[in-house]
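Fold and geometry: a report
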Amino acid sequence: MNSRNWMRLVLPVLFIVLAAIPFVAQVVDEPFYVTFFARVLIYALAACALNIVLGFAGLVSFGHAMFIGLGCYAVGILSHYGISNGWIQLFVCIAVCIVVAVLVGSVCLRTSGIGFIMITLAFSQMFYFLMVSLTPFGGDDGLNIYESSNFGWFELSGSSEVYWATWALLLMLALFLNRLRTSPFGMVLRATHINPRRVDAFGYSVFRIQLSAYVLSGVITGIAGFLLANLTAFAVPSYIAWHLSGELIVMIVIGGIGLVTGPIFGAIVFLVLEEVLKGWTTHWMLVMGPIITFIALAGRNQFAWLKAIFNRPSTAGAALKTRPNGELP
Amino acid sequence: MNSSLFLSQLLNGLQLGVLLFLLSSGLTLIFGIMNFINLAHGSLYMVGAFVGAASYNASGSFLFSLFAAVAAAAIVGLVIEHLVARPLYRHDHLYQVLATFGLMMFFNELAIFIWGNRPYFVTIPEVISGSVEILGAPYPVYRLLIIVVGVLVAFGAWYLIQKTRFGMLVRAGTTHASMVSVLGANVDLLKKSLFMLGAGLAGLAGTLAGPILSVQSGMGDPVLILALVVIVVGGIGSIRGALLAAILIAVIDTLGRAYLPGILALVMAPAAANTVGSALASMLIYLLMAFVLAFKPQGLMVSAKR
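Residues numbered from 1 in each chain as written. Chains lettered and ligands numbered in written order. Predicted model: local features only at pLDDT ≥ 70, side-chain atom pairs only at ≥ 80, totals over all residues.

1. A closer look at the overall build of chain B
For clarity, the threshold we go by: Strands are runs of DSSP state E lasting at least 2 residues, helices are runs of H or I lasting at least 4, and numbering of each runs from the N terminus. As a reference, a globule follows 2.2 Å times the number of residues to the power 0.38, and the radius of gyration itself is taken over C-alpha atoms. Residues with at least 20 other C-beta atoms within 10 Å of their own are called buried, those with 12 or fewer are called exposed, and the rest are partly exposed. The C-beta atoms themselves are positioned from the backbone. It is the C-beta atoms, placed from the backbone, that decide contacts: two residues are in contact if theirs lie within 7 Å.
Each helix and strand counted, chain B has eleven helices and two strands in total. Counting helices and strands in the order they occur from the N terminus, chain B gives α-α-α-α-β-β-α-α-α-α-α-α-α. Against the compact-globule benchmark of 19 Å for 306 residues, chain B has a radius of gyration of 20 Å, which places it among compact chains. Its C-alpha atoms give chain B principal-axis dimensions of about 65 × 50 × 35 Å. The buried share among the 306 residues of chain B stands at 53%. Of the contacts made within chain B by residues no fewer than 6 positions apart, 77% connect residues no fewer than 24 positions apart.

2. Structural notes on the overall build of chain A
A count of helices and strands for chain A gives 14 helices and two strands. Sorting the 329 residues of chain A into buried and exposed places 49% on the buried side. Long-range contacts, defined here as pairs at least 24 residues apart, represent 76% of the contacts in chain A between residues at least 6 apart.

3. Re the UniProt feature "transmembrane region" (unreviewed entry) in chain B
The criterion, for reference: UniProt positions are given in the numbering used here, feature names are shortened, and annotations may be inferred rather than shown by experiment.
In the UniProt entry, the feature "transmembrane region" (unreviewed entry) is given for residues 12-32, 62-85, 97-116, 141-161, 193-213, 225-252 and 272-295 of chain B. Its end C-alpha atoms 27 Å apart, residues 97-116 of chain B is made of 95% helix and 0% strand.

4. Some points on the pairing of strand E1 (residues 131-134) of chain B
Residues and elements named next belong to chain B. This is how the line gets drawn: At least two DSSP bridges between two strands are required for those strands to pair.
Across four bridges, E1 lies against strand E2 (residues 137-140) in antiparallel orientation. When the bridges of E2 are listed, Ser-131 appears paired with Pro-140. Hairpin remark: E1 followed by E2, antiparallel, with two residues in the connecting loop; positive phi at Leu-135, about 50°.

5. Thoughts on the packing of helix H1 (residues 3-34) of chain B against helix H9 (residues 220-234) of chain B
All names here are of chain B. Rules: Only the contacting stretch of a helix is used when fitting its axis, a line to C-alpha atoms as for every element, and angles between N-to-C directions run 0 to 180 degrees. By the definition used in this description, the sense in which the near helix is turned from the far one sets the handedness, with an anticlockwise turn below a right angle giving left-handed and a clockwise turn giving right-handed. Each residue gets one label: Ala, Val, Leu, Ile, Met, Phe, Trp, Tyr, Cys and Pro are nonpolar, Asp, Glu, Lys and Arg are charged, and the others, such as Gly, are polar.
Where H1 contacts H9, the two axes come as close as 9 Å, and the packing angle between them is 65°. Relative to H9, the crossing made by H1 is right-handed. Contacts between H1 and H9 involve Leu-20, Leu-23, Ser-24, Leu-27 and Thr-28 from the first element and Val-223, Leu-226, Ala-227, Val-230 and Ile-231 from the second. Grouping the constituent residues of the contact of H1 with H9 by class yields eight nonpolar, two polar and no charged.

6. Brief notes about helix H10 (residues 242-255) of chain A
Note the following rule: Multiplying 1.5 Å by the helix residue count minus one yields the expected span of that helix.
With 14 residues, H10(A) should cover 20 Å at 1.5 Å per step; its first-to-last C-alpha distance of 20 Å lies within 8% of that length. Those residues of H10(A) that sit buried are A:Trp242, A:Ser245, A:Gly246, A:Glu247, A:Leu248, A:Ile249, A:Val250, A:Met251, A:Ile252, A:Val253, A:Ile254 and A:Gly255. Lining the buried residues of H10(A) we find helix H2 (32-56), helix H3 (65-80), helix H5 (114-133), helix H11 (262-280) and helix H12 (285-298) of chain A together with helix H4 (93-115) of chain B. The first or second residue beyond H10(A) is A:Gly256, which carries a positive phi of 115°.

7. Observations regarding the packing of helix H6 (residues 165-175) of chain B against helix H8 (residues 187-209) of chain B
Residue and element names in this part refer to chain B. Selection criterion: Throughout this description, any angle smaller than 35 degrees is read as roughly parallel, any larger than 145 degrees as roughly antiparallel, any in the 65 to 115 degree range as roughly perpendicular, and the remainder as oblique.
Between H6 and H8, the shortest axis-to-axis distance is 11 Å and the interhelical angle comes to 105°. For the element pair H6 / H8, the angle class is roughly perpendicular. Two secondary-structure elements touch here, H6 through Leu-169, Val-170 and Gly-173 and H8 through Val-187, Leu-190 and Leu-194.

8. With respect to the interface of chain B and chain A
One frequent convention defines the size of an interface as the accessible area lost when the parts assemble. Taken together, the 39 residues of chain B in the interface contact 39 residues of chain A. Those elements that place two or more of their residues in the side of chain B that touches chain A are helix H3 (62-88), H4, H9 and helix H11 (270-295) of chain B. Examining the composition of the side of chain B that touches chain A, we find that 16 residues originate from one element, H4(B), more than from any other. Each residue belonging to the side of chain B that touches chain A can be placed in one class, and the counts come to 30 nonpolar, seven polar and two charged.

9. Quick notes on the nonpolar core
Definition in use: Nonpolar core, as used here: buried Ala, Val, Leu, Ile, Met, Phe, Trp, Tyr and Cys residues forming one set through C-beta atoms within 7 Å.
Grouped together as the largest cluster of nonpolar side chains are 204 residues, with contacts concentrated most on A:Leu45, A:Ala122, B:Leu20, B:Leu98, B:Val229, B:Val230 and B:Ile249. Per element, the largest residue contribution to this core is 18 residues, and it comes from H2(A). The contact partners of B:Leu20, leaving out residues within four places of it in the chain, are B:Leu226, B:Ala227, B:Val230, B:Ala246, B:Ile249 and B:Ala250.

10. Concerning H6(B)
Residues and elements named next belong to chain B. The condition that has to hold: Here, the arc refers to the directions that run from the helix axis to the C-beta atoms.
Restricting attention to buried positions, one finds in H6 the residues Leu-169, Val-170, Gly-173 and Thr-174. Within H6, the buried residues cover an arc of 135° as seen down the axis, which keeps them to one side. Where H6 is buried, its residues touch H1, helix H5 (141-163), helix H7 (177-182) and H8.

11. So, the confidence of the model for chain A
Residues and elements named next belong to chain A. Put simply, the rule reads: Each residue gets a pLDDT score, which is the predictor's confidence in that residue and runs from 0 to 100.
Averaged over every residue, the pLDDT of chain A is 83; residues scoring 70 or more account for 89%. The secondary structure element of chain A with the lowest average pLDDT is helix H14 (residues 315-318), at 46, and the one with the highest is helix H9 (residues 206-232), at 93. Note that residues 311-329 has pLDDT below 50 and, in this model, 29 contacts with residues that lie over four places away or in other chains.

12. Some details on unusual backbone geometry
Residue and element names in this part refer to chain A. The backbone of Asp-29 sits at a positive phi, close to 60°, despite the residue not being glycine. By the secondary structure assignment, Asp-29 is in the loop between helix H1 (3-27) and H2. Taking the number of C-beta atoms within 10 Å as the measure of exposure, Asp-29 has 7 and is therefore exposed.

13. Considering the environment of A:Tyr163
Residues and elements named next belong to chain A. Within the element layout of this structure, Tyr-163 appears in helix H6 (residues 159-182). Classification of Tyr-163 as buried rests on a count of 28 C-beta atoms within 10 Å. Measuring from C-alpha to C-alpha, the distance between Tyr-163 and His-80 comes to 24 Å, with 83 residues separating the pair along the chain. Once you skip the residues sitting within four places of it in the chain, Tyr-163 turns out to touch Pro-22, Val-34, Phe-37, Ala-38 and Leu-41.

14. Here we look at the environment of A:Ser148
Residues and elements named next belong to chain A. Mapped onto the elements, Ser-148 comes out in the loop between strand E1 (143-144) and H6. Counting along the chain gives 79 residues from Ser-148 to Leu-227, while the straight-line C-alpha distance between them is 9.9 Å. Beyond its immediate sequence surroundings of up to four residues, Ser-148 is in contact with Glu-155, Leu-156, Ser-157, Asn-230 and Ala-233.

15. A look at the environment of B:Met46
Residue and element names in this part refer to chain B. Position of Met-46 among the secondary structure elements: in helix H2 (residues 41-59). Sequence spacing of Met-46 and Thr-164 is 118 residues, and the spatial spacing of their C-alpha atoms is 30 Å. Leave out the neighbours within four places in its chain, and Met-46 touches Phe-107, Ala-111, Gly-206, Met-219 and Gly-220.

Below, the structure is given as structure tokens:
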């Protein structure tokens, strides 16, 4: 069996294993596992969404926690005013994410490279400070959500409901991204990273393609925030803090940039590691920080050493190498 | 509007701007010559604040604590350069951001580990703890001192970059690093000293800010974000841009927080004006950044390279 066929098995096996977790948790009588893995899957959803811009388009957005915050507060603020209808909340969440992503994206995409990193970070901080200073919605202390989103026949009332909803959405997203990667849009999007000038010469608008990817990514991240708010029944500015943006990037880098299932593995590894370290010492960041630094140092050649082990076709890695002269790969 | 109050707010803004300049000049130079983005710069600021506060409380000498803070930050900067920055100079910004993000987590936790979670208490020496009258309003001497030190450092940086051999190499290095190396200058040493200089300036900013802001873990993070906004608005790699943008952003931020709720109260109910005003004030500098980028994507001052 060559490595391509082997890769094809990864997705079904992964989702079957994930589907077994609630049952295992029931058997060993540890309901905490469901809550924990629901959080893992939500972060996996956000990381997969971030991977659309970071992995496919090579745009390092350091401000994706902003969309998680938008999703959280869409639930929080609407239920604060007694609107717990899930459809309305989801609609508002998506609409707000689209509007914000278009506005922020159009400004951020005027820059590239390091400028883009810093500006996305600055915008998410702006939203963070906005929510901190808005005392009617809890300010620094956050906003309790007393009623979970109600979709009529389905209510996100407990951890296991959120778990299954996230599981289904993540599966759909993974299948969608599998298609997207090789669709005409996905191909052009990846081309904008490798050689924007040539894409421009072919008659595509690089800006529009990048902006569409940014909006798509923002909306899906917003839905992750929507689920997170229902899981924790809480919307708080710390969900928007830049640590979360950084952690999402770490998850992608652990799992493999530009791979569809990579961020899911990355989220699992990162959050399980974090949980283990937290159980071990309160100063877990003292260990986690250097691990992240080490991952960055080890991954600086796009994990060439790992790729050599798996002998993976280098399509994912190629998306990251810029070719300033514009010769074809 | 009270003019002496306005003046003291303006001076507060200037003093914040000076601190921001100390931080962002190092950041922008390190980026300009080494193409390296250092998120741990805020941690160097924190190291300066903690070492300065601890050494002042231990020795009682303000000058000694200044020296100790700058030296500590520079040494930490050197270690970071050697272990983390150097292997990443030629690599994607993504990995630089990630590596320094990890460092930042490490330093924040290290500060909690050593000094605890609560703000660390630090006093101002008695000689400079008084206040002077400016146009009939009292203003703390210490804050004036920060402005003076900042202006001196800004002048020193200008002299260093424009008039000395070191500065000439730095300027040449930002545009033609490999050519400078070919001509026989030790670019490696140049990078190391520049990194140490930037780190030392961040440490100086931290120890100066210590007595007026609270010295605690994570104190570098919000300032780092402001410094990033400054270098984006000022033009990445440009010292003059950093100076201009630092003052502009600090003054706008300070005046916005002080006056925006009051101005809005003229057109809406006081309670609403207070909420909206403070929310808007916290967004003001980011809106300024978006505005600048919409017209000048490269920032206000474009360095020769970009």
